[in-house]
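Coordinates in review
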Amino acid sequence: MRYPLFDRLELLKIGYAKGVSLSWLSQQNNFFAMNLRELIDQKLIPNTCEKYFDEGFSVWEQQVALNNKKIASERWNSEAMLCQLIYSLIRAKELKLVVETGVANGISTGVALSALDHTGGVLHSFDVLAGCAELFPNAKNWHFHLLNLKKAPDELADTVKNIPETDLWIHDADHGTTWQRMEFALATQKLKVGGLLISDDADASPAWGEMSKKLTHQSAILLDRRKIIGITPKLG
Ligand SMILES: C[S@@+](CC[C@H](N)C(=O)[O-])C[C@H]1O[C@@H](n2cnc3c(N)ncnc32)[C@H](O)[C@@H]1O
């Protein structure tokens, strides 16, 4: 999929105001992908994902169109490529257990739930906004965990202890350095070997770059329309 040049230029010009540069981030990762197909070429995601890319895009469009609750700013909504990645991974790898932090208006949540309906899997989502709990009243495969902002790191760690090892962990919550470092470490412990950690706004702090340089030998950053996504597998 091609995005308007203007969006790409805006990303390069402005980036994440308080974060790290694209150039530094790309030096910490093994690969810098411009589209999802390149992640397949680099063997970061399986070939079979490709057949779900279009469906993932349609499901993302439906979630954006359906969304009328407006719990949070629309600028927080996940973009198409991140949602195609989530959707296609769940479908192609038949994932059963997914964790995400950061629900907001529920775009990535709705996309993941829709894919998990096909695989019989469940989603555990975490946010500090109570309104998120009402977003998917009929979803039987959804466990929403409301965190108290002041105790969020402890509450997240305690809740995650009671969840089995996970196939996919998606970070899209607090993008500060302290939180991202804490969450990436927790996710790395909790993922199955071969499971994937995905981060939206991987350029928001040095945390993704530090982790990918130190812990993994296989990691990529992917340019979405306005945002930069990090992806890395848990190695054995
Ligand atoms: C960028 S939005 C998430 C967007 C969402 N993934 C989507 O697809 O539209 C970030 C969310 O993280 C939540 N958040 C902020 N700090 C948090 C924390 N410490 N723990 C959990 N959620 C947090 C915010 O309330 C907000 O809803």
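Scroll up a little and you will see the structure.
Each chain carries its own residue numbering, running from 1 in the written order of its sequence. This being a predicted model, a pLDDT of at least 70 is required before a residue's local features are given, and a value of 80 or more before pairs of side-chain atoms are given or counted; all residues contribute to the totals for chains, interfaces and linings.

**Remarks on the overall build of the protein**
A run of H or I in DSSP counts as a helix once it spans at least four residues, and a run of E counts as a strand once it spans at least two, with each numbered from the N terminus. A tally of regular secondary structure across the protein gives nine helices and eight strands. Compactness check: the protein gives a C-alpha radius of gyration of 16 Å against a globular reference of 18 Å for 236 residues, within 12% of the reference. Along the three orthogonal principal directions, the C-alpha set of the protein runs to about 40 × 35 × 35 Å. Residues are called buried when their C-beta atom has 20 or more other C-beta atoms within 10 Å, exposed when it has 12 or fewer, and partly exposed otherwise; all C-beta atoms are positioned from the backbone. Counting every position in the protein, which comprises 236 residues, the buried fraction comes to 44%. By the criterion used throughout, residues are in contact when their C-beta atoms, derived from the backbone, lie within 7 Å. Taking contacts inside the protein between residues at least 6 apart in sequence as the whole, the part at least 24 apart equals 72%. All radius of gyration figures rest on C-alpha atoms, and the globule criterion is 2.2 Å times the number of residues raised to 0.38.

**As for the site of the ligand**
Proximity of a residue to a molecule or strand is defined by its backbone-placed C-beta atom lying within 6 Å of that partner. Around the ligand, 21 residues are found, and the nearest of them are Ser78, Gly102, Ala104, Ser108 and Ala173. Within the residue set of the shell around the ligand, elements represented by two or more residues are helix 6 (107–119) and strand 3 (122–127). Each residue gets one label: Ala, Val, Leu, Ile, Met, Phe, Trp, Tyr, Cys and Pro are nonpolar, Asp, Glu, Lys and Arg are charged, and the others, such as Gly, are polar. Taken together, the residues of the shell around the ligand break down into twelve nonpolar, six polar and three charged.

**Digging into helix 6**
A turn of α-helix holds 3.6 residues, and therefore any two residues three or four places apart point the same way. Helix length check: helix 6 (13 residues) gives 19 Å between terminal C-alpha atoms against 18 Å at 1.5 Å per residue, within 8%. Of all the 13 residues making up helix 6, ten are buried; the element is thus mostly covered by neighbouring parts of the structure. Burial in helix 6 covers these residues: Ile107, Ser108, Thr109, Gly110, Val111, Ala112, Leu113, Ser114, Ala115 and Leu116. In this structure, the buried residues of helix 6 make contact with helix 4 (53–66), helix 5 (80–92), strand 2 (97–101), strand 3, strand 4 (142–146) and strand 5 (166–171). Downstream of helix 6 by one or two residues, Gly120 has phi in the positive range, about 75°. To estimate how far a helix should reach, multiply one less than its number of residues by 1.5 Å.

**Details of the packing of helix 7 (residues 152–161) against helix 8 (residues 177–190)**
Geometrically, a packed helix pair is captured by the angle between its two axes and the distance between the axes. Helix axes are fitted only over the stretch in contact, all axes being lines through C-alpha atoms; the angle between N-to-C directions runs from 0 to 180 degrees. Interhelical geometry of helix 7 versus helix 8 gives an angle of 5° and a closest axis separation of 11 Å. Classified by the interaxial angle, the pair formed by helix 7 and helix 8 is roughly parallel. When helix 7 is examined against helix 8, the residues Pro153, Leu156, Ala157 and Val160 are found in contact with a partner set consisting of Met182, Leu186 and Lys190. Partitioned by chemical class, the residues of the contact of helix 7 with helix 8 number six nonpolar, no polar and one charged. To sort the angles, those under 35 degrees are grouped as roughly parallel, those over 145 as roughly antiparallel, those from 65 to 115 as roughly perpendicular, and the leftovers as oblique.

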